[in-house]
Amino acid sequence: MLKRSVVAVCLVSLIALAGELCAGGVGRLPLHHGWRFKQVRGRNWYPATVPGVVQSDLMANDVIPDPFVGMNERAVQWVDKEDWEYECTFNLTAEQLAADNFRLVFEGLDTYADVYLNDAKLIIANNMFRSWRKECKELLEPGENHLRVYFHSPIKIDLPKVLALDFAYPAVNDQSENGGLLERKVSVFARKAGYHYGWDWGPRLVTMGIWRPVYLEHWDELRFEDVHITTREITPASAQVEVKVEVDSGIECDAVLEVVGDASGRVYATRRTELSPGVNKLTLAFTLNNPRLWWSNGLGEPFLYDFKVRIKEGDQVFDTRVVPTGIRSIRLVTELDMAGEGSTFFFELNGVPVFMKGANYIPNDSFLPRVTREQYRDVVARAADANMNMLRVWGGGIYEDDYFYELCDQNGILVWQDFMFSCSMYPLDQEIEANIRAEAIENVKRLRNHASLALWCGNNEMNEAFYNWGWKQQFAQKGVALRVKMEYDRLFDHLLPEVVREFNPEIDYRSSSPYSDLYPEERNDKSGDRHYWDVWHGKAPFTSYEEAIPRFMSEYGFQSFPELSTVRSYAAHEKHWDIESDVMLAHQRHPSGNELIRVYMERNYREPRDFRSFLYMSQLLQADGMRLAQEAHRRNMPYCMGTLYWQHNDCWPVASWSTSDYYGKWKASHYRTRKSYERVIVSVTKSESEGRMSAYVVSDLLEPLQGELTLKLMSLTGATHKERRESVTVEANSSLHALEIDLDDFLGGLSPSNVLVSAVFKSRILKADSIYLLAPLKSFELPITTLKTEITEFKGGYSIKLSSDHFARGVYLALDDAESPFFSDNYFDLLPGESRVVVVRSAKARDEFTRKLRVISMCDAIKGQ
């Protein structure tokens, strides 16, 4: 091919295409309108929404009921046994077809699908986690074009694979019985979100559909295929930045690659190069002086540079990418300690060891295309507002939408990213391996530019299950233990780490979670991360959280019910308001979940007055457990350097481990987590065996903190029996064991069920406080409290000043049950004589607001009180 200089792009063809015109002449024509769908063996066509899934389209056309309501989930299980067909038409003119290149792009097909363009089969899809891109110019025609997608039932595709084996790959959360499949668990054979087949917090709704955007891309001479920006070295004075690009060129030409500031226009680096037909890989490096670093939430600003990377010749720009970039270093530090018997596990950001405060994150809906940008903003904001600095994107869901990671970048939320494997063992042959490799490469390349990305992890709980759930023995009985372990090793010790090393070597990789480098076949607290479920599954008391202290706690949790307004969304009639009713059990996916909540409640609290009180007390119960765990983990830094509870959010309205429900409503434990995750906390604990009480001050601040710690022993009516003050200095980023007191001496003969401990740390810049009960709440005779409210109206809402004559446990504010506005604080404890101001947004008139405002505390929820 002759070398030539590139002339101006044909603007007529690009502008006339009437789609999205990307900077630099690469255009995009969305194909989201005019779709219809039908059951393949049916006759009726219905309008469809794209992106979407079959179930949501059937609901929109009143063919099936909402499976989130009542027992309706059972009524829609037939859908995943059928094949479905989607089609649309779109028009192109001859002028529009003048562009040199056209590519049909499906960003997501769920899951087994054949794509036909003008009756020519163009794509055969078999992986929900991959995009599908095919050049198609030769298939496009002036005038009407026909696009058709045939979705094969994942059940019909994968059931024969189950039947062909003489052993079963375990998939403990696959609710095959609910789907009418008996024990035939097909989920492990599909590269599809595992939670769609059910989990112990989610329904079985096996979706199909065009679940992410679909469009035609068009361009002329050349375009970027990929842009990767990394920081190679950082000092206070400078950062060495490297830009790697892949340019797909249809011609041989001279071009200039440059990096500029998107807002400032400052040119950081340029490179003149010769491009050849095909994919050209280019590298550009530059020094950024006095860089502004990206910090996680609570440590500093998560500053992002908007680097504009463009390829051009003269004034002609062929393609442009704007890449928001955080200048930061992140690594997982796992070094031997404890004389070689243990090893550290902590994240170091910009050279600073950071205690991770966060949660495990699941998909926001069973029907993924319904999740809006507003919902993404809300779910990340809920994490940031609760002082989190990390979310773990769990391996039974999806590699999230780009917007989710952009929000994490902007809010300083680090992301622990699992690959999509969880709680199962997976078959592996050459075809599956190639499919997974393509999936891993695409998603690593898609996510690697995000400053929030902190870790790649191969799977969730698979190593743990093989060695500690009895799977190794089960496989051995079938004579396949070696085969299954070799498949596991090939996938998680070779394929996935090789992909990360090649395409994202700056980020560390772990094969599994939990996993100990020193003790890979054991559960231990000396090395690696741990999932602790003795509380809940093992029925251990909440105080066990204070004894099981690992190097990094990446899962633990306790369930609660959502508030009544959420329960009404699936159990509208009061006849269902019993935790043993069919509807309530259908919205509790753990086989003994409701009973476990009851057992722990009877162990810790007195009997609730009624169903509404049971919901309220379940949330306080969850908050009490989470507080004990979170404070114990933080007190034990730097030995323990992370606490990620299960779980941040829900995918449908349900009783679960979430701290905010499907509708984004904060539970008591989310408010409590916000306090436990503050930058500085004061934490009180006791040792029954030693008869000692201790007070700690824990600080995430990067400078020392001086202040005064005050402990008061108070009656429930407000009298101070004893007081202890101590001047303390907390070193930067540390936990200080500030006080230790003989418990009997401190009580002075008083019953621990009649008093409380108020702990306050005050410095020049902040105040941290805590209320600690020396005995289980069940043993207390809580006095009847009078909660006074002073309501002040402001534009758009109200402030409510609350005070109490006695100790008020778990003060809860709500409007009527049909509404659930966000209160700035809720479910808090109030000392006698203390006041608290709570703000709420509401459009209600003052009289109506005052009439509908409900304020209660624990004493109002106890039966017979």
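Report follows, based on the coordinates. Just so it is clear, the structure is predicted and the values come from calculations on it, not from any experiment.

**What to know about the overall build of the protein**
Right, so step 1: Along the backbone of the protein there are 17 helices and 48 strands.
Right, so step 2: Taking all 865 residues of the protein together, the buried fraction comes to 60%.
Right, so step 3: Sequence separation of 24 or more characterises 71% of the internal contacts of the protein that already satisfy a separation of 6 or more.
Right, so step 4: When the accessible surface of the protein is totalled, it reaches about 33,200 Å², and 48% of it is carbon and sulfur.

**Thoughts on the sheet that holds strand β16 (residues 222–234)**
Right, so step 1: Reading across the sheet, the 3 strands line up as β16-β17-β20 and stay open at both edges, with antiparallel pairing between neighbours. Of all strands in the sheet, those with a lone pairing partner are β16 and β20 (278–289), marking the two edges. Neighbour-to-neighbour, the strand axes of the sheet open up by a mean angle of 15°, direction not taken into account.
Right, so step 2: Looking at chain direction, β16 and strand β17 (residues 238–249) are connected through 11 bridges and run antiparallel. When the sheet's bridge partners are listed, R223 is paired in β17 with D248.

**A look at the side chain of N127**
Right, so step 1: Here N127 shows up in the loop between β9 (120–126) and β10 (132–135).
Right, so step 2: Other than its neighbours up to four places away in sequence, N127 contacts L109, T111, W132, R191, N435 and E439.

**Here's the deal with the pairing of strand β39 (residues 720–730)**
Right, so step 1: Note that strand β38 (residues 705–715) and β39 share 10 bridges and pair antiparallel. When the sheet's bridge partners are listed, G707 is paired in β39 with V728.
Right, so step 2: Two successive antiparallel strands, β38 and β39, enclose a turn made up of 4 residues, where G718 displays a positive phi of approximately 115°.

**Some thoughts on the environment of G261**
Right, so step 1: Inspection of the secondary structure puts G261 in strand β18 (residues 253–261).
Right, so step 2: G261 gets classed as buried once you look at its relative accessible area, which sits at 6%.
Right, so step 3: Through-space distance from the C-alpha of G261 to that of D306 is 6.2 Å; in sequence the pair is 45 residues apart.
Right, so step 4: With residues up to four places along the chain from it excluded, the contact list for G261 reads R266, Y268 and D306.

**Examining unusual backbone geometry**
Right, so step 1: Residue P638 is reached from M637 by a cis peptide bond, and omega for that bond is 10°.
Right, so step 2: Topologically, P638 is positioned in the loop between α13 (611–635) and β35 (642–645).
Right, so step 3: Omega for the peptide link from W646 to Q647 comes to 10°, which places this bond in the cis form.
Right, so step 4: Within the secondary structure, Q647 sits in the loop between β35 and α14 (668–676).
Right, so step 5: Phi is positive for L182, close to 55°, though the residue is something other than glycine.
Right, so step 6: Mapped onto the fold, L182 is located in the loop between α3 (154–163) and β12 (197–199).
Right, so step 7: Relative accessible area serves as the criterion here: at 57%, L182 is assigned to the exposed category.
Right, so step 8: Even without glycine at this site, Y827 takes up a positive phi of about 55°.
Right, so step 9: Structurally, Y827 can be placed in the loop between β45 (808–814) and β46 (828–830).
Right, so step 10: The exposure class of Y827 is buried, given its relative accessible area of 8%.

**Digging into the environment of K712**
Right, so step 1: In this fold, K712 is placed in strand β38.
Right, so step 2: Each C-alpha atom of the pair K712 and F746 lies 9.6 Å from the other, and the pair is 34 residues apart in sequence.
Right, so step 3: The residues contacting K712, other than those within four sequence positions of it, are T720, K722, E723, F746, L756, V757 and S758.

**Structural notes on the nonpolar core**
Right, so step 1: F106 and F347 are the most contacted members of the largest nonpolar core, which has 220 residues in total.
Right, so step 2: With sequence-adjacent residues up to four places away left out, F347 is seen in contact with I330, R331, L332, V352, P353, V354, M356, M390, W416, A454, L455 and F552.
Right, so step 3: Counting 29 residues, the second largest nonpolar core, distinct from the first, contains V245, L282, F286 and I327.

Calculation notes
Residues numbered from 1 in each chain as written. Predicted model: local features only at pLDDT ≥ 70, side-chain atom pairs only at ≥ 80, totals over all residues. Heavy atoms only, no water. Helix = DSSP H or I, 4+ residues; strand = E, 2+ residues; numbered from the N terminus. Buried < 20%, exposed > 50% of the residue type's maximum accessible area, 1.4 Å probe, protein only. Contact = heavy atoms within 4.5 Å. Areas by Shrake-Rupley, 256 points an atom, 1.4 Å probe, with all protein chains shown as cover. Pairing = 2+ DSSP bridges. Axes fitted to C-alpha atoms, helices over the stretch in contact; angles between N-to-C directions. Core = buried A, V, L, I, M, F, W, Y, C linked by side-chain atoms within 4.5 Å.

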